[in-house]
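Structural features, examined
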Amino acid sequence: MTRINKRQFLKFSGSAIAAGALASVLGPIGARAAGSLTVAWWGEGDQNKRTADAMTAFAKNSGISIDPQGTNFNGYFDRLATQIAGGNAPDVFQVYLASMAEYAKRGTLAPLDDYLGKTIDTTDWEDAAINSVSLDGTKFFVPLGLSTQPAIIYDKTVFDSVGVTDLNPNWTLDEFKETCLNVAKALSASGKKAYGCNDLGGQQTVLEAFVRSKGKNMFAEDGGLGFTKDDLAEWYTLWDEARGNGMAVPPEARKQGGFEASPIITGTAPIVQAASAKGLQGYQSLTKNDLNFNPWPRYSKDDERVELVTPIEWMVISANSDQKDEAAELLNFLTNDAAAIAAMGISHGVPVNKKLRQQVMDAGKLSDVERKIYQNTADALPYSTRPRVIYPAGSAPLVGPTTPLINLLNDQIAFKQIDVKTAVDRFFSEADRNL
Amino acid sequence: MTQELGAEKSQGKSLWVTARDKRAQTNGAAYAMLTPWLIGFFCLTAIPMLASLYLSFTDYSLLSPPEWVGLENYQYMFNGDYRFWPALNVTVFYVFVSVPLATVIALLVALGLNRQLRGVGILRSVYYLPSLLGGSVAVAIMWRELFDQNGLVNNVLGFFGIAGPAWLAVPNSAPWTLVFLHAWQFGSPMVIFLAALKQIPADLYEAAELDGANAVQKFFTLTLPLITPIIFFNVVMQMIVSFQAFTPAFVISNGTGAPLDSTLFYTLYLYIEGFGNFHMGYAAAMAWVLLAIIAALTGFAFLTARFWVFNPDD
């Protein structure tokens, strides 16, 4: 009869634990090609190929060799953090809103005061781009493209089909609610239960639009939150009621999945949001209906229309790079060269360079969807007068990409696990800890 | 032995030294052979483990050097982190439901395959296949597709007129899909059970049959007690591995633990804290607490073993 000796057992299980622990610690180890400029970024679909094409064009023009490291968003930041911790940071890498301050604060980024406005020409940049390059007075970030944020997308065909008045870009919050309820009622009358809009209570960029519509900011200049407990309570209550009265998709009607499971595609609700305007591509590829943008509503009829045109992705130069000049040349090329824009398309948003943006629009070669995305930025610019405060270090757990607290709490309210007050208190106490 | 040594000693110092040299020589050779393993052990296991123990007492963002904070990480974990306990809860649920389930299934299948049938070898291989695929990403993705709103599971249910839920979008059902995934991968415990069943001497069964025992009686009075050591082994090993489960939860929830943290396994939360939220020191502390939990439960299992595990020496 087989008997397992205690010592053998412990040895076996011990090495199993060790092996498991080891496997979880050791990620892929990136080797660095000597002499060439390493550039790391993320993208989905054909974005990576497009961005790599732009780099190839640069390498050809300048004679600077490039080692492009494009990956998916999943895993990008793990790898980047590991590379930086190991002293192998890429020369140039892409960052984004929820964590870029973290990288700057920790001294991993090269200050670009000597480059921005010089090697990297900013003469023709939109203000929205120029306003996003600094943290605490030091320039670090080079924006790759612009977009509205959030991008509220609606299905014009559906609205037309039920005779609900087309959306007015100057609508107010009350009109938004009313429109959602009306379209929900009209659609549900035909048999299948439908709602006005998706549940947007957990979407950080939409919350940002809401607090901006009240004249506030997501984050204050001093690095704390830019809104109050009352604002957040009002926000969560809005969505709690919306889920209850048929205005927004309730939790039991949620579908799982990506674009294809979105209410605007499944016919569950004709208004959804995307993190940025380029998301329209994803939705439009799945439906023949006419999709378009409408801004987040004004807070009330006495309040201004407030929109936000902003970069959605930035490139930075590593503090340890020994090729900062070459890196700056690359960044100038990516933002100011027509060839780069042609290669990248809208994979990082519309060009930050006003002249190039106009050129692309005038050339008339844009697809229908691309034209809508360009037009969306153009329409929003006059209303995007107040720049966004760059999110401070520590904002990732609150409003970052991986189960941000703002979303988790909205879900907990939706599933009746906690009430609005508890959610608000929790958000603010976590903000205290992280910011 | 003692006498021999004494004899050597009495013959004078020189011989004693030679003996020591000889011993040193053989030891040296052994160490030389062991070097690759020793290097591996120290560089890849011991030093990283000590480093992680140190990091667990620091505030470490990965981007800048760690700063000593004492017990702060551990204090926050038990007293303040509102996501820690739910994550531990989900993991404990997963371990305590899926391990017994997988063990019972493995045993039943092993019993079924423990006969002389034509083609039983092929059957055994087929049942072992899911485990060969292991905790791989591909399997987890397949699982996600199976339990998708419009996936195979709901299609089959639909055939019977049942409208299946969005399994992975509802907090009540999402962790169960992970439990089923584990239970489906019963291959390795099954193979071990099969080996154990084959070792039970046939004469025991013959004796039992002579005494008039039926199949059920044979199973409960003979088979089951005799394989308790193997059940013990399988349960403990699976428990250890299940506490560390990461891939299925990561893939099925897209790395988020959603919906509502219902698939937020301990290791997934550790990963989110370390890499997503720049709390690598806290993540290291979580890793050590997990080690303590697994060690404690394993120790507890050994304590209970004397009451139910068959020991031929008793």
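Notes on the structure follow. Computed from a predicted model, the values in this text were never measured in an experiment. (Residues numbered from 1 in each chain as written. Chains lettered and ligands numbered in written order. Predicted model: local features only at pLDDT ≥ 70, side-chain atom pairs only at ≥ 80, totals over all residues. Heavy atoms only, no water.)

Considering the pattern of salt bridges
All names here are of chain A. Enumeration over the complete set of coordinates arrives at 25 salt bridges over all chains. The shortest N-O distance in the salt bridge between aspartate 199 and arginine 243 comes to 2.9 Å. One end of the pair, aspartate 199, is in the loop between α7 (173-189) and α8 (204-213); the other, arginine 243, is in helix α9 (residues 229-244), and 44 residues separate them in sequence. On the accessibility criterion, aspartate 199 (9% relative accessible area) is buried. The class of arginine 243 is buried, set by a relative accessible area of 8%. Measuring nitrogen to oxygen at the nearest pair gives 2.6 Å for the salt bridge that ties arginine 388 to glutamate 208. In this pair, arginine 388 is assigned in the loop between α15 (368-380) and α16 (396-399) and glutamate 208 in helix α8, connecting sequence segments 180 residues apart. An identical accessibility class is assigned to arginine 388 and glutamate 208; each is buried. Three or more residues joined by partner-sharing salt bridges are found here, namely Asp199, Asp240, Arg243, Arg254, Asp411 and Lys416. (Salt bridge = Lys/Arg side-chain N within 4 Å of Asp/Glu carboxyl O. Helix = DSSP H or I, 4+ residues; strand = E, 2+ residues; numbered from the N terminus. Buried < 20%, exposed > 50% of the residue type's maximum accessible area, 1.4 Å probe, protein only.)

Details of the sheet that holds strand β12 (residues 314-317) of chain A
Residue and element names in this part refer to chain A. The sheet built from 5 strands is open, its strands ordered β2-β1-β3-β12-β6 with mixed pairing. What marks the edges here is a single partner per strand, and that holds for β2 (66-71) and β6 (142-143). In terms of strand pairing, strand β1 (residues 37-42) meets strand β3 (residues 92-95) through 2 bridges, oriented parallel. Within β3, the residue paired with alanine 40 across the bridge is phenylalanine 93. Sitting on the sheet, helix α2 (residues 47-62) is in contact with β1, β2 and β12, with an inclination near 160° to β1. (Pairing = 2+ DSSP bridges. Contact = heavy atoms within 4.5 Å. Axes fitted to C-alpha atoms, helices over the stretch in contact; angles between N-to-C directions.)

A look at the interface of chain B and chain A
Quite often, the size of an interface is put as the accessible area lost when its parts meet. On the chain A side, the residues contacting the 49 residues of chain B number 42 residues. Between chain B and chain A, the buried area comes to about 4,200 Å², and carbon and sulfur atoms account for 67% of it. Its largest share of buried area at the contact with chain A, chain B owes to B:Leu63, B:Tyr82 and B:Leu260, together 18% of the area lost on that side. There are 0 salt bridges connecting chain B and chain A. Contributions of two or more residues to the side of chain B that touches chain A are made by α2 (13-55), α12 (228-243), α14 (266-276) and α15 (280-308) of chain B. A total of 6 residues in the side of chain B that touches chain A trace back to one element, the largest contributor, which is α12(B). Looking at side-chain class alone, the side of chain B that touches chain A contains 29 nonpolar, 15 polar and 5 charged residues. (Buried area = accessible area lost by both parts, 1.4 Å probe. Nonpolar A, V, L, I, M, F, W, Y, C, P; charged D, E, K, R; others polar.)

Quick notes on the packing of helix α17 (residues 405-414) of chain A against helix α18 (residues 420-434) of chain A
Residue and element names in this part refer to chain A. With their axes 10 Å apart at the nearest point, α17 and α18 run at an angle of 165° to one another. Comparing the axis directions of α17 and α18 gives the class roughly antiparallel. You can see that α17 and α18 cross each other, and the crossing is right-handed. Contact residues: Leu405, Ile406, Leu409, Gln412 and Ile413 in α17; Val420, Ala423, Arg426, Phe427 and Glu430 in α18. When its residues are assigned to classes, the contact of α17 with α18 shows 7 nonpolar, 1 polar and 2 charged. (Parallel < 35°, antiparallel > 145°, perpendicular 65-115°, else oblique. Left-handed = near helix turned anticlockwise from the far one by under 90°.)

Structural notes on a nonpolar patch on the surface
Residues and elements named next belong to chain B. Side chains of Tyr31, Leu34, Trp37, Phe41, Phe42 and Ile47 sit close together on the surface and give an oily, nonpolar patch of about 660 Å² of accessible area. Structurally, tryptophan 37 can be placed in helix α2. Exposure remark for tryptophan 37: the relative accessible area of 54% places this residue in the exposed category. (Patch = residues over 30% accessible without salt bridge, like charges linked within 9 Å, V, L, I, M, F, W, Y side chains within 5 Å. Areas by Shrake-Rupley, 256 points an atom, 1.4 Å probe, with all protein chains shown as cover.)

Some thoughts on the nonpolar core
A:Tyr103, A:Trp239 and A:Trp296 are the most contacted members of the largest nonpolar core, which totals 129 residues. The element contributing the most residues to this core is α15(B), with 13 residues. Counting 53 residues, the second largest nonpolar core, distinct from the first, contains A:Leu37, A:Ile66, A:Leu356 and A:Ala380. (Core = buried A, V, L, I, M, F, W, Y, C linked by side-chain atoms within 4.5 Å.)

Concerning the side chain of A:Ser213
Residue and element names in this part refer to chain A. Among the secondary structure elements, serine 213 is positioned in helix α8. Residue class for serine 213 comes out buried when judged on its relative accessible area of 6%. Within the local environment of serine 213, its side chain forms a polar contact with the backbone oxygen of phenylalanine 210, the two atoms lying 2.6 Å apart. Contacts of serine 213, omitting those with residues within four sequence positions, involve Trp296, Pro297, Tyr299, Asp303 and Val306. (Polar contact = N/O pair within 3.5 Å; in protein donor to acceptor, adjacent residues only side chain to side chain.)

Topic: α15(A)
All names here are of chain A. Taking 1.5 Å of rise per residue, the 13 residues of α15 would be expected to cover 18 Å, and the 18 Å separating its terminal C-alpha atoms lies within 8% of that figure. Of the residues making up α15, those classed as buried are Val369, Glu370, Lys372, Ile373, Tyr374, Asn376, Thr377 and Ala380. Those residues of α15 hidden inside the fold are in contact with β7 (146-148), α11 (279-284), β10 (291-293), β11 (309-311), α13 (338-344) and α14 (354-363). (Expected span 1.5 Å × (residues − 1).)

Looking at the environment of A:Val350
Residues and elements named next belong to chain A. Summarising the element assignment, valine 350 is placed in the loop between α13 and α14. The spacing of valine 350 and threonine 148 is 202 residues in sequence and 9.9 Å in space, taken between C-alpha atoms. Leaving out residues up to four positions away in the same chain, valine 350 has contacts with Gly145, Leu146, Arg357, Ile373, Tyr374 and Thr377.

Things to note about the sheet that holds strand β9 (residues 271-274) of chain A
Residue and element names in this part refer to chain A. A sheet is described by the order of its strands in space; here 3 strands give the open sequence β9-β8-β10, paired in antiparallel fashion. One side of each edge strand has no neighbouring strand; the edge strands of this open sheet are β9 and β10. In this sheet, neighbouring strand axes are inclined to one another by 35° on average, regardless of whether the strands run parallel or antiparallel. Note: strand β8 (residues 151-155) against β9, 4 bridges, orientation antiparallel. Paired with tyrosine 154 across the two strands is isoleucine 271, which belongs to β9.

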